[in-house]
Amino acid sequence: MGKAAAETVVLAVNGKRYEAAGAHPSTTLLEFLRTQTPVRGPKLGCGEGGCGACVVLVSKYDPATDEVTEFSASSCLTLLRSVDRCSVTTSEGIGNTRDGYHPVQQRLSGFHASQCGFCTPGMCMSIFSALVKADKEPGRPAPPAGFSKLTTSEAERAVSGNLCRCTGYRPIVDACKSFAADVDLEDLGLNCFWKKGDEPADVSKLPGYDSSAVCTFPEFLKSEIKSSVDQANGPAVAISADGWYHPKSIEELHRLFDSNWFDENSVKIVASNTGSGVYKDQDLHDKYIDIKGIPELSVINRSSKGIELGSVVSISKAIEVLSDGNLVFRKIADHLNKVATPFVRNTATIGGNIIMAQRLQFASDIATVLLAAGSTIAIQAASKRLCLTLEEFLQHPPCGSNTLLLSIFIPDWGSDGISFETFRAAPRPFGNSVSYVNSAILARTSGSHLIEDICLAFGAYGVDHAIRARKVEDFLKGKSVSSSVILEAVRLLKDTVSPSEGTTHPEYKISLAVSFLFSFLSSLGNSSNAPTKVDNPNGPYTNGITNGTTEHLPEEYIKADSNDLPIRSRQEMVFTDEYKPVGKPIKKAGAELQASGEAVYVDDIPAPKDCLYGAFIYSTHPHAHVKGINFKSSLASQKVITVITTKDIPSGGQNIGSTFPMTGSTFPIGDEALFADPVAEFAGQNIGVVIAETQRYAHMAAKQAVIEYSTENLQPPILTIEDAIQHNSYFQIPPFVAPKPVGDYNQGMSEADHKILSAEVKLESQYYFYMETQVALAIPDEDNCITIYSSSQIPEVTQGVVARCLGIPLHNVRLITRRVGGSFGGKGIKGIHVACACAVAAFKLRCPVRMYLDRKTDMIITGGRHPMKAKYSVGFKSDGKITALHLDLGINAGISPDVSPFMPTIIIGALKKYNWGNLAFDTKVCKTNVTSKSAMRGPGDVQGSFIAEAIIEHVASVLSVDTNTIRRKNLHDFESLAVFYGESAGEASTYSLVSMFDKLASSPDYQHRAAMVEHFNSSNKWKKRGISCVPITYAVTLRPTPGKVSIMNDGSIAVEVGGVEIGQGLWTKVKQMTAFGLGQLCPDGGECLIDKVRVIQADTLSLIQGGVTGGSTTSETSCEAVRQSCAALVERLKPVKESLEAKAGTVEWSALIAQASMASVNLSAQAYWTPDPTFGSYLNYGAGISEVEVDVLTGATTILQSDLVYDCGQSLNPAVDLGQVEGAFIQGVGFFTNEEYAINSDGLVIHDGTWTYKIPTVDTIPKQFNVELINSARNPKRVLSSKASGEPPLLLAASVHCAMREAIRAARKEFSVCTGPANSAFTFQMDVPATMPIVKELCGLDVVERYLESVSAADPTTAKA
Ligand SMILES: Cc1cc2nc3c(=O)[nH]c(=O)nc-3n(C[C@H](O)[C@H](O)[C@H](O)COP(=O)(O)OP(=O)(O)OC[C@H]3O[C@@H](n4cnc5c(N)ncnc54)[C@H](O)[C@@H]3O)c2cc1C
Ligand code: FES
Ligand code: FES
């Protein structure tokens, strides 16, 4: 084969032509967009198709039909070369500052659906593509004017693949639903378009939508494509010089395989390349074969015998084709709709999935469902074509890279006597998570439920590939369904489904397979005229409650597939005009800018000249000497420019990566090293930084590092709390922050009627999962100075550590942070390491260096929440009054102290929400060889508050009384509150918790719902509901904060504050406060000033003493500093105003400022606000009810409803505070239910990406989500009487955990399950997180068998099969 010249990729990006000549074939579309075009909307959030931050719209033009097809795609997985001659539309392309924003962007901001904004462009594009798809679909009725053809249920699913860590999704769904033809606009939540409750909702108030407004395919590209058609039909292209080959026929492909160019180790064969999201490339490839251009692989043939799908048909296309068929096809389509995400399915091919299942043991859904449907496949290996059953193909040894899958054939089973069902159990019901187990079952039955034939397929349970349960099939053939037959089948299945060694949750997976078989067979047994008495678990899913007990329950309440319930919400709050424009729910400052993708984050800053990129090499060993760093011999290794280690720290500098800031304290809190030297003290510790020409090369090169370790003369690592206790490995707790006991524990115990001794509860860690990973860009400057752009939420501290690390004075280091794509505490101490590493590299190399961590590295090195164990002994009276509590608390702090010495006092502080009578504790902050744990939203408080609930529930279960009775009995009165909290308790009039709790838990509505739950549980066997109400108390501390207000000559205003905008709405509140503070100078009280205020980035050399952003109080203290600055300006400007007024009456703002400027009035004022010494902290209160439904067969939980009441004081901005409440709550739901931050036996994080770490998605939030912000008594010592909102509401998510426990209790009662140390159906511990396997285990792994045994024993007639 000859070599041809390199081909130039031509594409349109937002209508503009781009040529990419000589791009490396491994370049992704995302990388190209972000580095070679001005586009910054698509963001890198994960690089594995799992987050949606990079979603773009790809449009293809077919010159034959003159048609354009559009679809969303993840640009992080799409290879640049594969979009040759395509048009790409990004969020900037549909709307921007210059050309005007698109209604999607305007509505996202108007519905308050953007906080940090990092996910917003991706959300925008997912919504936009859903609109394009719906509006282009022929046959749909025209929507009412102003709407799209999209339906509300499609709107909810449009963003099912996009992650957002800030908002809790509810407002995003509302923004999307506002386009839906069938929406009732009154159902939508708080927005800026109409005043809910006061004004009618009306589409004319929304930014107008016109489906044809955006051109997705420019004419010039169409012309180019038309003129190149002839060329495309010409002779086959020879091997491309740039390593990208796209054969046009199978023969051509085989010639290629046979050529000496082909080497299976270096050539990558791709269809859509989404497989690289699953199996990350370990090395760079410089040769690619793209098989999508082979027409034979795209065939779709439908005949009476079945449907043939070419292997490169996308999953979305397959869904479209199959949806239009009979039962089996439709069910397959339904199942495929839960595979991956919409933007992955649009490109991912069926063939790629099957090959991954066959060759790489991928836990495929598609292989399982197609296996059950009796599919066959056609392959070509060398020159041989073969037709095999899918089962045969899967059983073959992994196929070689020159085996080509041609097509898949799914037979048409007709509908006579055919039953077909598919199953998958996964943490997210709408997809975007691989299943624990999947299954599909096809049966042919005759008249009296006789199974004539059956095919049982199971996959993903820890098996090489999907299998057929042949023995079970043989047993069932010819049998009529009865409980004893099902029981026998289940027993046989348990012998068949055998997860391989090392599979996680093997027993759970077996029980899932059993549940699926049971569900299927019992649905067969229950079809019309079924004689059997098997209780159909599918019944409640689809038909409501069994036994005819439904008449008193509203239709929706009993509708059993609760996942299909629409998301509804209610927001209640009181607005006041007292301090306007403070207090108004105005939209977030810069929200549209965030939606369009123009908002600049650190990685969006254009690369300075000669910029290099770094990636960490980290230890995988918990305690070992680092003897050397070598690199594998690979293509990626060739990209290494240099490796930065401790030896590169300038003389005079220190090997320091972070420290805990404690102004004015002499207590040694401690530093953490930047690089392991000479010993790596934990897995995940940085050893060095690989420097390369691009960020991707740096990441790939870092993967090639081979570290030489030696454990000689080193003690074994201390990894767990138990190890630490055994070795007395603790951090000291500074005496001034040590928590204080209350009363006399022994005395309290002696007064108790009952005692629980040494019960234990455990909480695991949680990862921040901010959408923007840690990033810094360091630019060396003259005279040993350096400027660092960092995603830090603590720039001042970072500046200090960088200065120490480089050995230069603080004034040589300028730290700039404009905005941060989510932080939640993780961009505090942990972010300093990244800034320091960049600084050291930039100093050494004398050029700019950027590091944008990949998701895996970020997850491995950043630590997260503190895992802990609490052992408690509690004494109580028979009426439920608790008299004494003792807590033994073990906290795993990791290698360095960080914030950990403060954890005991915070945990105990939150636990004190109840009056324990007498409280004693022993807290141990354990020093271990794992990544140090740091502050994460509600650090310590969330654990303390939860531990309190676990104890209260335990007491209630021992006394067999309702948990709320015990809660209420032990809530403080103001007197005891003051004993437990001291000065923070404030005044009696501000203690709003009891009334809040009563409002929720004693309301007739709650009683009614509790009765309904009980009713539901007595009528349903396989689904159980629980309801629970949880109170919270949260202390916050006020810290000194600076602010500076500068009025420009034209009247525009620049404001600087100590805090950093991390999505919490700081800038919005500060803008409002500035307008309020200067408002006395304006005729309208300041509202006209809002648009004149710009809050500018944090810059440590411009505004000093910025302190830290955290602890929920930064917004209010920054506001107060700004208010003081404004007061100084008002003082100076008032005389000018008065003199102008004397001459001209009313004075406009611009005239006032012009005059003041001419009069040389100092128009800039700065204040450093410090808290009143008598009011350094205050308490926040809230209460939340959650109602959940647990699927006893799978362990899945649906949150049916959450009602949160939060005392926000006089909110500075109710829309911002509402967003904080909702977002924090959903982050808490993740902590309590699903987020497993798992580590291996060396302490190395192994849940290190979107595949294994599952934060909540739109399908896991409460179906009814109500929030009420209340404004308790005023307190002039708080900033305009407001309260904090950033962290406390996260604690309310414990209500979900508690409700789950109630539901599980009902299941245990139903099936008499007694597991756990207490060995009782009622008393059991449920640790955090309560994932599906844990829930199922507590409900009973063997409930199906138990049930079948009891039914078979009770009715011998059905027992005879
Ligand atoms: C975020 C995400 C979530 C996912 N979730 C699920 C899920 O829930 N359930 C599920 O089943 N799957 C899931 N997948 C897998 C997804 O279905 C596959 O990645 C996709 O179908 C692969 O198709 P592709 O065209 O991108 O293959 P590629 O990535 O291009 O190729 C994958 C492999 O197959 C080979 N190959 C491709 N086509 C052929 C062919 N015709 N003949 C021979 N070899 C071929 C390639 O050489 C490569 O080795 C998920 C994927 C992602 C990225
Ligand atoms: S960055 Fe592409 S899906 Fe996450
Ligand atoms: S706003 Fe969605 S991740 Fe921050």
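Residues numbered from 1 in each chain as written. Chains lettered and ligands numbered in written order. Predicted model: local features only at pLDDT ≥ 70, side-chain atom pairs only at ≥ 80, totals over all residues. Heavy atoms only, no water.

Our next topic: the overall build of the chain. Scanning the chain from N- to C-terminus turns up 41 helices and 46 strands. Its C-alpha atoms give the chain a radius of gyration of 32 Å, near enough to 34 Å, the size a compact globule of 1361 residues would have. Along the longest, intermediate and shortest principal axes, the C-alpha atoms of the chain span 95 × 85 × 75 Å. Long-range contacts, defined as pairs at least 24 residues apart, comprise 77% of the intrachain contacts of the chain with a sequence gap of at least 6. On the chain, the mean spot of the 124 positive side-chain charges and the mean spot of the 144 negative ones are 1 Å from each other. (Helix = DSSP H or I, 4+ residues; strand = E, 2+ residues; numbered from the N terminus. Rg over C-alpha atoms; globule rule 2.2 N^0.38 Å. Contact = heavy atoms within 4.5 Å. Lys, Arg positive; Asp, Glu negative; His and termini not counted. Charge placed at Lys NZ, Arg CZ, Asp CG, Glu CD.)

Moving on, we come to the packing of helix H18 (residues 506-525) against helix H40 (residues 1343-1354). H40 packs onto H18 with a crossing angle of 40° between their chain directions and a minimal axis gap of 9 Å. Comparing the axis directions of H18 and H40 gives the class oblique. Facing Val514, Ser515 and Phe518 of H18, the residues of H40 in contact are Val1344, Glu1345, Tyr1347 and Leu1348. Among the residues making up the contact of H18 with H40, the classes are represented as five nonpolar, one polar and one charged. (Axes fitted to C-alpha atoms, helices over the stretch in contact; angles between N-to-C directions. Parallel < 35°, antiparallel > 145°, perpendicular 65-115°, else oblique. Nonpolar A, V, L, I, M, F, W, Y, C, P; charged D, E, K, R; others polar.)

Positionally, leucine 1348 belongs in helix H40. Here leucine 1348 falls in the buried class, since its relative accessible area comes to 0%. Sequence separation of leucine 1348 and leucine 757 is 591 residues, and the distance between their C-alpha atoms is 38 Å. Those residues in contact with leucine 1348, other than ones at most four positions away along the chain, are Ser483, Ile486, Leu487, Val490 and Phe518. (Buried < 20%, exposed > 50% of the residue type's maximum accessible area, 1.4 Å probe, protein only.)

In terms of burial, helix H13 (residues 350-360) is largely enclosed, as eight of its eleven residues are buried. Taken together, the buried residues of H13 touch helix H9 (275-278), helix H10 (315-323), helix H11 (327-336), helix H14 (365-372), helix H15 (390-395) and strand E15 (403-411).

Bringing the sheet that holds strand E9 (residues 267-270) into the picture now. Overall, parallel pairing links the three strands, which are arranged E8-E10-E9 in an open sheet. Only two strands of the sheet have a single partner each, and these edge strands are strand E8 (244-245) and E9. Sheet topology note: the E8/strand E10 (residues 287-290) ladder contains two bridges and is parallel. Looking across to E10, one finds that tryptophan 244 is bridged to tyrosine 288. Contacts from helix H8 (residues 250-258) reach E8, E9 and E10 within the one sheet, and its direction differs from that of E10 by about 155°. (Pairing = 2+ DSSP bridges.)

Moving on: the pattern of salt bridges. Opposite charge on two side chains makes pairing possible when the charged atoms of those side chains draw close. Applying the stated rule across the entire model yields 68 salt bridges. Across the pair lysine 587 and glutamate 592 runs a salt bridge whose closest N-O atoms are separated by 2.9 Å. Judged by its relative accessible area of 33%, lysine 587 is partly exposed. In this structure, arginine 1009 and glutamate 1187 form a salt bridge, with 2.9 Å as the shortest nitrogen-oxygen distance. With arginine 1009 in helix H33 (residues 1004-1019) and glutamate 1187 in strand E44 (residues 1177-1191), this pair connects stretches of sequence that are 178 residues apart. Glutamate 1187 gets classed as buried once you look at its relative accessible area, which sits at 2%. Linked through salt bridges whose partners overlap, the residues forming this network are Arg34, Lys43, Asp603, Asp604 and Arg850. (Salt bridge = Lys/Arg side-chain N within 4 Å of Asp/Glu carboxyl O.)

Once that is clear, we can look at unusual backbone geometry. Residue proline 581 follows lysine 580 across a cis peptide bond; omega there is 10°. Within the element layout of this structure, proline 581 appears in the loop between strand E20 (568-572) and helix H21 (591-596). Cis geometry marks the peptide bond from valine 1328 to proline 1329, where omega comes out at 0°. One can find proline 1329 in the loop between helix H38 (1294-1311) and helix H39 (1332-1339). Even without a glycine there, the phi angle at aspartate 898 is positive, about 45°. One can find aspartate 898 in the loop between strand E36 (882-894) and helix H28 (903-911). Judged by relative accessible area, which is 3%, aspartate 898 ranks as buried. One non-glycine residue, serine 960, lies in positive phi territory at about 55°. On the accessibility criterion, serine 960 (62% relative accessible area) is exposed.

This part is about the environment of tryptophan 413. Of note, tryptophan 413 is situated in the loop between E15 and strand E16 (418-425). Assessed through its relative accessible area of 26%, tryptophan 413 is described here as partly exposed. Along the primary structure tryptophan 413 and valine 1188 are separated by 775 residues, whereas in three dimensions their C-alpha atoms are 39 Å apart. With near-sequence residues (within four places) excluded, tryptophan 413 lies in contact with Asn326, Val328, Ala373, Gly374, Ile418, Leu442 and Arg444. Within polar-contact distance, the side chain of tryptophan 413 engages the backbone oxygen of alanine 373 at 2.9 Å. (Polar contact = N/O pair within 3.5 Å; in protein donor to acceptor, adjacent residues only side chain to side chain.)

Let us look at the confidence of the model for the chain. Residues of the chain with pLDDT of at least 70 account for 95%, and the chain-wide mean is 92. This stretch, residues 234-238, has a pLDDT under 50; its non-local contacts, to residues over four places away or in other chains, come to nine contacts. Per-residue pLDDT stays below 50 along residues 538-559; that stretch engages in 38 contacts with residues further than four places along the chain or on separate chains. (pLDDT = per-residue confidence, 0-100.)

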